[in-house]
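Take a look at the letters that make up each chain.
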Amino acid sequence: MKQNPILKDDGDDNPLGMLTNLFDIAMVFAVALMVALVVHFDMGEVFSKEDFTIVKNPGADNMEIIMKEGSEIKKYTSSDSEARTSGTKGKRVGSAYQLENGEIIYIPE
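Residues numbered from 1 in each chain as written. Predicted model: local features only at pLDDT ≥ 70, side-chain atom pairs only at ≥ 80, totals over all residues. Heavy atoms only, no water.

Novice: Which residues make up a nonpolar patch on the surface, and what are the values?
Specialist: A surface patch of nonpolar side chains, about 560 Å² in accessible area, is lined by L16, M18, L19, L22 and I25. As for its position among the elements, L16 is in the segment before α1 (17–40). L16 sits in the exposed class, given a relative accessible area of 53%. (Patch = residues over 30% accessible without salt bridge, like charges linked within 9 Å, V, L, I, M, F, W, Y side chains within 5 Å. Areas by Shrake-Rupley, 256 points an atom, 1.4 Å probe, with all protein chains shown as cover. Salt bridge = Lys/Arg side-chain N within 4 Å of Asp/Glu carboxyl O. Helix = DSSP H or I, 4+ residues; strand = E, 2+ residues; numbered from the N terminus. Buried < 20%, exposed > 50% of the residue type's maximum accessible area, 1.4 Å probe, protein only.)

As structure tokens, then:
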């Protein structure tokens, strides 16, 4: 007796086969989220080969200076809590202003 091709079951017998697709979707979502965060926070220079310096919260008590020189990234902070562990303690000692002609003036406090 011939079997009807409509009733024939050619489906996948692996019940966990769908989890593979969910893992792929999760990986694509994670990469897209990381790219969106880098673009949103304007952190593209972290991945470049150029040296840079970022000052977060300038003039505040929790000011941080992040410097990249080559492949090494250094972080300096003025807070006491992290200074004990990293040994990079600092405090504000003045202000620097750059004039229109490019000259920089330092004013100690």
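Novice: Hey, could you go over the environment of Y106 for me, with residue numbers and the actual values?
Specialist: By secondary structure assignment, the location of Y106 is in strand β5 (residues 104–108). In this structure the C-alpha to C-alpha distance between Y106 and S95, which are 11 residues apart in sequence, comes to 5.8 Å. Excluding anything up to four places from it in sequence, Y106 contacts V93, G94, S95 and A96. (Contact = heavy atoms within 4.5 Å.)

Novice: Could you give an account of the confidence of the model for the protein chain, naming the residues involved and the relevant values?
Specialist: Summary statistics for the protein chain give a mean pLDDT of 77 and a share of 75% for residues scoring 70 or more. For the protein chain, the element scoring lowest by mean pLDDT is helix α2 (residues 80–86), at 51; α1 scores highest, at 89. (pLDDT = per-residue confidence, 0-100.)

Novice: Break down α1 for me, with residues and values.
Specialist: Compared with the 34 Å implied by 1.5 Å per residue over 24 residues, the 36 Å span of α1 between its first and last C-alpha is a close match. After α1 finishes, the residue D42 shows a positive phi value of roughly 55°. (Expected span 1.5 Å × (residues − 1).)

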